[in-house]
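One letter stands for each residue in the lines below.
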Amino acid sequence: MPRVSDEHLERRRQQILDAAQLCYARKGFYETSMQDIFAESGLSAGAVYRYFKSKDDITAALATEATVEVRAALIRAIRSDPLPAPGQVLRVIAEHVVEHSGPDGRIRLAPQAWALALVHPEAAEYVKTAVLAMRESWYEYTERMVEVGWLPPDTDIRAVATAIIGLVPGFMLQHLIIGDLDPETLARGVATLMPYGEPAAQPVET
């Protein structure tokens with residue numbers, strides 16, 4: 001019997017995730033059943049359960065993928081040269097969030113995955129891994145802020161990074177639930193609180 005390739009397994013896993021996302025967009029998270037996902041994916045229950053033990057696992061995996069995409073946007077921003085100001089970095093992240101938070105956007109699943117993580121150990125592992133990865137990226141950005149002289153050499157990197165990371169879920173919740181917060185407003189607020197690197201904060205040469 002031929003061995004199933006890793007590529008085939010990943011395609012099948014993605015097939016299930018894509019089907020679940022379509023179901024969630026069509027019926028909502030709570031109204032979607034595993035039977036709906038089986039039907040949408042065209043796979044048997046056994047095939048789906050080979051990859052995911054429950055709908056909660058699928059939801060956590062979808063939310064994790066969305067976080068991976070957010071982190072990729074963050075990494076591109078913080079590794080730019082010259083180093084972008086904090087407000088500029090947060091604007092990039094917020095724009096990505098808005099772009100992927102429509103009716104079928106995976107960003108919408110993030111708050112649901114956070115809630116699952118409080119009561120579902122396996123979902124908690126997905127979410128914890130994603131959050132720790134994001135935190136590492138903010139550590140990197142904070143270290144760069146120290147290197148360029150925006151922050152003092154003795155800055156507590158961990159404290160700054162863990163404070164900044166809290167702005168991202170805060171924006172997500174306000175955008176998804178209230179709907180009156182846009183990337184430009186967030187960037188302007190961050191620039192006021194942390195003006196490092198902003199044009200107005202640069203010394204004028206004489």
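To keep things clear, this report deals only with the structure shown in the data block. Quantities reported herein were computed from a predicted structural model and do not represent experimental measurements. (Residues numbered from 1 in each chain as written. Predicted model: local features only at pLDDT ≥ 70, side-chain atom pairs only at ≥ 80, totals over all residues. Heavy atoms only, no water.)

**Things to note about the overall build of the protein chain**
Now for step 1: Of regular secondary structure, the protein chain possesses 10 helices and 0 strands.
Now for step 2: Starting at the N terminus and ending at the C terminus, the protein chain contains elements arranged as α-α-α-α-α-α-α-α-α-α.
Now for step 3: Its C-alpha atoms give the protein chain principal-axis dimensions of roughly 75 × 40 × 30 Å.
Now for step 4: Relative to its full complement of 206 residues, the protein chain shows a buried share of 41%.
Now for step 5: Across the protein chain, contacts joining residues at least 24 apart in sequence account for 66% of those joining residues at least 6 apart.
Now for step 6: Total accessible area on the protein chain stands at roughly 11,400 Å², and carbon and sulfur atoms take up 56% of it.
Now for step 7: Counting 20 positive and 28 negative side-chain charges, the protein chain places the centres of these two groups 7 Å from one another. (Helix = DSSP H or I, 4+ residues; strand = E, 2+ residues; numbered from the N terminus. Buried < 20%, exposed > 50% of the residue type's maximum accessible area, 1.4 Å probe, protein only. Contact = heavy atoms within 4.5 Å. Areas by Shrake-Rupley, 256 points an atom, 1.4 Å probe, with all protein chains shown as cover. Lys, Arg positive; Asp, Glu negative; His and termini not counted. Charge placed at Lys NZ, Arg CZ, Asp CG, Glu CD.)

**Some words on the nonpolar core**
Now for step 1: Ranked by size, the top nonpolar core spans 30 residues in total, and within it Leu74, Leu90, Ile93, Trp138, Tyr141 and Met145 carry the most contacts.
Now for step 2: Mapped by element, the contributors of at least two residues to this core are helix H4 (55-78), helix H5 (86-99), helix H7 (121-147), helix H8 (157-165), helix H9 (167-178) and helix H10 (183-193).
Now for step 3: Those residues in contact with Ile93 that lie beyond four places of it in its chain are Val70, Ala73, Leu74 and Val168.
Now for step 4: One finds Phe29, Val48, Phe52 and Ile58 within the second-largest nonpolar core, a separate group that totals 23 residues. (Core = buried A, V, L, I, M, F, W, Y, C linked by side-chain atoms within 4.5 Å.)

**Description of the environment of Asp36**
Now for step 1: Residue position: Asp36 is located in helix H2 (residues 34-41).
Now for step 2: With 16 residues separating them along the chain, Asp36 and Ala20 place their C-alpha atoms 8.1 Å apart.
Now for step 3: Sequence-distant contacts of Asp36, that is, excluding residues within four places in its chain, are made with Cys23, Lys27 and Glu31.
Now for step 4: Side-chain polar atoms of Asp36 contact the side chain of Lys27, separated by 2.9 Å. (Polar contact = N/O pair within 3.5 Å; in protein donor to acceptor, adjacent residues only side chain to side chain.)

**Overview of the packing of aromatic side chains**
Now for step 1: In total, this model carries 2 aromatic pairs according to the counting rule given.
Now for step 2: Aromatic side chains Phe38 and Tyr49 sit 5.6 Å apart centroid to centroid with 75° between the ring planes, which places their arrangement in the edge-to-face category. With Phe38 in helix H2 and Tyr49 in helix H3 (residues 45-51), this pair connects stretches of sequence that are 11 residues apart.
Now for step 3: Considering the side-chain rings of Trp138 and Tyr141, the 5.9 Å spacing of their centres and the 80° angle between planes classify their relative orientation as edge-to-face. Of this pair, Trp138 and Tyr141 both sit in helix H7, separated by 3 residues, roughly a single helical turn. Both residues of the pair, Trp138 and Tyr141, count as buried. (Phe/Tyr/Trp six-rings, centres within 6.5 Å; stacked < 30°, edge-to-face > 60°.)

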